[in-house]
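Structural description and commentary
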Amino acid sequence: MTTPPTGPGIDAQRPSPARMYDYFLGGEQNFAVDRAAADRVIAVTPHTKDTAVANRQFLIEAVRYVARQGVTQFLDLGSGLPTQQNVHQVAQSVHPHAHTVYVDNDPAVLPHAQALIVGDPNTTYIEADIRDPVKILTHPETTRLIDFTQPVALLMVAILHFIGDQDDPRGLVDRFLRDLPSGSYLILSHVTTDGIDPTLWETVQATNPSLAVPLTFRPGDEIRKYFDGLELVDPPGIVDCRQWQPGELKPLPGDVKLRIWAGVARKP
């Protein structure tokens, strides 16, 4: 059993969304305050934990697939904590010297992330906001590990639903992709209004405005536009994250109350 790091910059008295997500995934990089906050979420929306696990499984499958296509550079936006079979671990299982840059704007993540990746010169973490692409793309740590003349895997996994329409999420996707060469990949997932359980949707609408960062649920037709101009890995195409597997469509489990659309696509 491991314990979360402590020390300067780590606040164990306030819940962190990243540490709560780690708890949803069954991780141990969280404190009692995070677990209590996460349990309150689960009490209102019991599906949350299973959905988080399914989304993480999509990330694992997608990163492994892209690495097997020869990509050795990964830029993970809105990464949270680099634990529980995260990008660098999966990528390095295929390419031991794969480079990964994690990006998150949660100040609570930085000291945890630095402690978790210490001793790995090919993995780094920067504190930045996805709404500032130039800062991320030109950051010294990004340019140290990412060669933008070679294919890059851009991960936007369960992050764009934290970006409101006023910040033009599709424009952000296009801006990041613009700097990536042919042969790069987009790995993306996003919560959707499609097929959502009506009772759950009522709960979401009632509680969402009170969240520190409300979620923007979007229809599938809008989410599909993020992949415009790219070559989808199809099958499976853009599907529920529980179904994504390269070359085939996994069966959807019964009683799915909330869908996360997920897809992987190559820049031609």
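Preceding this section is the structure that the text describes.
For the structure given in this document, a descriptive report is provided here. (Residues numbered from 1 in each chain as written. Predicted model: local features only at pLDDT ≥ 70, side-chain atom pairs only at ≥ 80, totals over all residues. Heavy atoms only, no water.)

1. A closer look at the pattern of salt bridges
Here is the rule: A side-chain nitrogen of Lys or Arg and a carboxyl oxygen of Asp or Glu constitute a salt bridge if their distance falls within 4 Å. By the criteria applied, helices consist of DSSP H or I runs no shorter than four residues and strands consist of E runs no shorter than two, each listed in order from the N terminus. When accessible area is computed with a 1.4 Å probe and restricted to protein chains, residues below 20% of their type maximum are described as buried, those above 50% as exposed, and intermediate ones as partly exposed.
Taken as a whole, this structure holds twelve salt bridges when the rule is applied. A salt bridge links Asp228 to Arg170, with the nearest nitrogen and oxygen atoms 2.8 Å apart. With Asp228 in the loop between helix 10 (220-224) and strand 6 (231-232) and Arg170 in helix 8 (residues 169-178), this residue pair connects regions lying 58 residues apart in the sequence. In this structure Arg170 comes out as partly exposed when scored by relative accessible area, which is 34%. Measuring nitrogen to oxygen at the nearest pair gives 3.4 Å for the salt bridge that ties Glu222 to Arg218. Among the residues examined, Glu222 registers a relative accessible area of 31% and is labelled partly exposed. Judged by relative accessible area, Arg218 falls into the buried class, the value being 1%.

2. Regarding unusual backbone geometry
Cis rather than trans, the peptide bond between Asp234 and Pro235 has omega equal to 5°. Residue position: Pro235 is located in the loop between strand 6 and strand 7 (239-240). In this structure, Pro236 follows Pro235 across a cis peptide bond, with omega equal to 10°. Within the secondary structure layout, Pro236 lies in the loop between strand 6 and strand 7. Here Ala158, not a glycine, exhibits a phi torsion of approximately 55°, which is positive. Within the secondary structure, Ala158 sits in the loop between strand 4 (153-157) and helix 8. Phi angles above zero are rare outside glycine, and Asp168 is one such case at about 55°. As for its position among the elements, Asp168 is in the loop between strand 4 and helix 8. Residue classification places Asp168 among the partly exposed positions, given a relative accessible area of 43%.

3. Things to note about the pairing of strand 2 (residues 99-104)
Defined as follows: DSSP-based pairing: two strands are paired if at least 2 bridges between them are found.
Judged by how many residues are buried, strand 2 sits mostly within the fold: five of six residues are covered. Looking at chain direction, strand 1 (residues 73-77) and strand 2 are connected through five bridges and run parallel. Within strand 2, the position partnered with Leu77 by the bridge is Val103. As defined by bridge partners, strand 2 adjoins strand 3 (residues 123-127) across five bridges and the pair is classed as parallel. Residue pairing for strand 3: Val101 is matched across the bridge by Thr124.

4. Thoughts on the packing of aromatic side chains
Stated precisely, the cut-off is as follows: In summary, the pairing rule links any two rings of Phe, Tyr or Trp, Trp by its six-membered ring, whose centres are within 6.5 Å, and it sorts them by plane angle into stacked for under 30 degrees, edge-to-face for over 60 and tilted for everything else. For a lysine, the NZ atom is tested; for an arginine, the CZ atom; a charge sits over a ring if that atom is within 6 Å of the ring centre and within 35 degrees of the ring normal.
Taken as a whole and assessed by the stated rule, the structure comprises four aromatic pairs. Taken together, a centroid distance of 6.4 Å and an interplanar angle of 85° make the contact between Tyr65 and Tyr185 edge-to-face. Highlighted residues: Tyr65 in helix 3 (residues 48-68) and Tyr185 in strand 5 (residues 185-191), separated in sequence by 120 residues. Judged by relative accessible area, which is 7%, Tyr185 ranks as buried. Ring centres 5.4 Å apart and planes at 65° place the aromatic pair Trp201 and Phe217 in the edge-to-face group. Of this pair, Trp201 sits in helix 9 (residues 198-207) while Phe217 sits in the loop between helix 9 and helix 10, placing them 16 residues apart in sequence. Using a relative accessible area of 26% as the deciding quantity, one classes Trp201 as partly exposed. In this structure Phe217 comes out as buried when scored by relative accessible area, which is 16%. Ring-pair connections join several aromatic residues into one group, and the members of that group are Phe58, Tyr65, Tyr185 and Trp244. Above the face of the Trp261 ring, Arg224 is positioned so that its terminal group lies 5.6 Å from the ring centre.

5. Some remarks on the nonpolar core
How we decide: Residues belong to one nonpolar core when they are buried, are Ala, Val, Leu, Ile, Met, Phe, Trp, Tyr or Cys, and are joined through side-chain atoms within 4.5 Å. The contact criterion used is simple: two residues touch if any of their non-hydrogen atoms lie within 4.5 Å.
Grouped together as the largest cluster of nonpolar side chains are 41 residues, with contacts concentrated most on Phe58, Val63, Val66, Phe74, Leu155, Ile187 and Val264. Contributions of two or more residues to this core are made by helix 3, helix 4 (87-94), helix 5 (109-116), strand 4, strand 5, helix 9 and strand 10 (260-266). Of the residues forming this core, the biggest block, nine residues, is contributed by helix 3. The residues contacting Phe58, other than those within four sequence positions of it, are Val157, Ile187, Leu188, Ser189, Cys241, Trp244, Ala262, Gly263 and Val264. Listed in part, the 31 residues of the second largest apolar core include Ile130, Ile136, Val152 and Ala265.

6. Some remarks on helix 3
Note the cut-off: In a helix, the anticipated span is given by 1.5 Å times the number of residues less one.
In this model, helix 3 (21 residues) spans 30 Å end to end at C-alpha, consistent with the 30 Å of a helix rising 1.5 Å per residue. Here helix 3 lies mainly inside the structure; 15 of its 21 residues are buried. Looking one or two residues beyond helix 3, the residue adopting positive phi is Gly70, at roughly 100°.

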